[in-house]
Amino acid sequence: MIALQMEFYKCKRRWLWLPPLLMLAAQMLWGLWSYIDMDARALSQGWADILYSFPLLNAMMTPVVAAVLASRIADIEHKGQTLKLLQTVQSAGSVFDAKFLCAGAYMTVFVALQLATIVIFGVLRGFAGTPPWSRLLEYTVGTLLTTLTILLFQLVLSLLLSNQMIGMIAGLIGALLGLFSLFFPPSFQRFFIWAYYAVLYNTVMDWNETTRIVTYRFTGFAWDGVIGILLFFAAIYIIGRRLFIKKEV
Amino acid sequence: MLIRSIRAEYRKLRRSYIWLALLIMPVMSAGFGTFNYLNNLGMLTQQWYSLWTQHALFYCTLFAPALTGVYCAYLCRLEHLNHNWNTVMTQPIPIPTIVLAKLTVVSGLTALTQLFIGALFLLSGKLAGLTAPIPTALPLWLLRGWWSLTTEAALLLFLALAIRSFAIPVGAGILGGFCGIAALVKGFGIYFPFSLLPLSMCSHNPSDSMECSTAAFVISSTGFFLFGYLLCVLWKKHRDTQAG
């Protein structure tokens, strides 16, 4: 607990909340802009529509923001060469856990704010029906798990390699993989953590080529995908933590 | 003095793995661009010009600004580490020279990136089986893109100098890239530094000429370059050096 408190102390006045907040602002502008003009038909499928577009925006943006956040939280120790110092007073494992929980808290708040934005916007805009809470819950579970797994991966990279360039490049590549994973065949998607925004979709878009009408509707949620991303999370956590503990500081 | 400073900056890049970024990012960008082109052959019928829109779209929005951010961040990273700013600032080198040397090196790296992107464009065009003659404007696109990237670099270098974080210039580059596209679409391309790249590389309407006159482009980009450069110099001159 003290270790976690220390991490938040280190974040003081470093404006770490700014990148997630900027991302949220960009998503609101970009995502919600397209919902200004809506007819009755569009409003009737509003919830499915908005839950289709936000994972796409997340897949494009969160890997980069996760890379920035992880790099800033990890790099502070590389810069001050303080890992040596830290490990005389606490175990390497607790440093790792505290850093992840600290960074994870920022991302969790971001996901919560994003959910609130979606719900408030949907209600104000007059999407048909009450908010589909179970769908929104599935969306939140999927988004949170994928985001935290990506964050964990970035944190491991940033902590293990003092060269922060590698982490940033990984974040950029992740953003592209996330975006392009929508075109991957479903079985192939499951090999990439960045593709789980696409795996954990609970909506589909039907595009009728002859009438040129797009229909959004809900489908089943891939609970096996949740297991997949949890396995990824566990694997990255166990391997990354062990490597960090064994790392010569 | 300048040449020796530049040489020193190049020396800092040794064993930095920066070539890794220089190789991977353009390859990914070109790969995705070509993939997108091949998937939309029905709509994209102008051969090389259509391929260019796909390549330039990813490159100008995401990769090039991010890569420039990486270059800027890396060139300042060594100084931010181990109290090295104290060493740099106490050398008998004028601050404008230090900043100019850094900018020259970043500019050199972006020039290499531009050449590489050009080569990849030709290669992926050939692999995609394009038969039409290669666009004669390609060298012009690359040259103008290089100067736009140098302009961006001046602004991102300021962030890299002022904020002791590797991630900030990269993130700012990406944010700038996205906003740049938005500004360009809205028609304010010439007034926003990050729009100059897609504008000058004709990512939306590949033709020889830009959407604005060459003079306007040169004035705007040089203005932003000087603004960024002066910002860097003034910051370093007047801000107390914080090394750590």
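Anything mentioned here points back to the structure above.
So, a few notes on the structure that sits alongside this text. (Residues numbered from 1 in each chain as written. Chains lettered and ligands numbered in written order. Predicted model: local features only at pLDDT ≥ 70, side-chain atom pairs only at ≥ 80, totals over all residues. Heavy atoms only, no water.)

**Structural notes on the interface of chain B and chain A**
Inference 1: In this complex, chain B contributes 31 residues to the contact, which on the side of chain A involves 22 residues.
Inference 2: Here chain B packs against chain A, burying approximately 2400 Å² in sum over the two surfaces, 79% of which is carbon and sulfur.
Inference 3: For chain B, the biggest contributors to the area lost against chain A are Phe32(B), Arg77(B) and Phe166(B); these three give 19% of the whole.
Inference 4: Note that Asp75(A) is salt-bridged to Arg77(B), the shortest N-O span being 3.1 Å. (Contact = heavy atoms within 4.5 Å. Buried area = accessible area lost by both parts, 1.4 Å probe. Salt bridge = Lys/Arg side-chain N within 4 Å of Asp/Glu carboxyl O.)

**Some words on the pattern of salt bridges**
All names here are of chain B.
Inference 1: Tallied over the entire structure, the rule returns 14 salt bridges over all chains.
Inference 2: A salt bridge links Glu-79 to Lys-12; the shortest N-O distance between them is 2.5 Å. Taken together, the residues Glu-79 in helix H3 (residues 48-80) and Lys-12 in helix H1 (residues 2-12) connect sequence positions 67 residues apart.
Inference 3: Exposure remark for Lys-12: the relative accessible area of 24% places this residue in the partly exposed category.
Inference 4: Residue Glu-79 is joined to Lys-102 by a salt bridge in which the shortest nitrogen-to-oxygen separation is 2.8 Å. Here Glu-79 is found in helix H3, whereas its partner Lys-102 is found in helix H5 (residues 95-127), with 23 residues between them in sequence. We note that Glu-79, like Lys-102, is buried. (Helix = DSSP H or I, 4+ residues; strand = E, 2+ residues; numbered from the N terminus. Buried < 20%, exposed > 50% of the residue type's maximum accessible area, 1.4 Å probe, protein only.)

**Things to note about a nonpolar patch on the surface**
Inference 1: Residues Trp15(A), Trp17(A), Leu18(A), Leu21(A), Leu22(A), Val109(A), Leu113(A) and Leu175(B) make up a contiguous nonpolar surface patch of roughly 720 Å² in combined accessible area.
Inference 2: Elements that contribute at least two residues to the nonpolar patch include exactly helix H2 (18-33) and helix H6 (92-125) of chain A.
Inference 3: It is H2(A) that contributes the most residues to the nonpolar patch, three residues altogether.
Inference 4: Relative to the assigned elements, Trp15(A) resides in the loop between helix H1 (2-10) and H2.
Inference 5: Classification of Trp15(A) by relative accessible area gives exposed; the value is 53%. (Patch = residues over 30% accessible without salt bridge, like charges linked within 9 Å, V, L, I, M, F, W, Y side chains within 5 Å. Areas by Shrake-Rupley, 256 points an atom, 1.4 Å probe, with all protein chains shown as cover.)

**Some words on the environment of Arg242(A)**
Inference 1: Topologically, Arg242(A) is positioned in helix H11 (residues 223-246).
Inference 2: With relative accessibility at 55%, the residue Arg242(A) sits in the exposed group.

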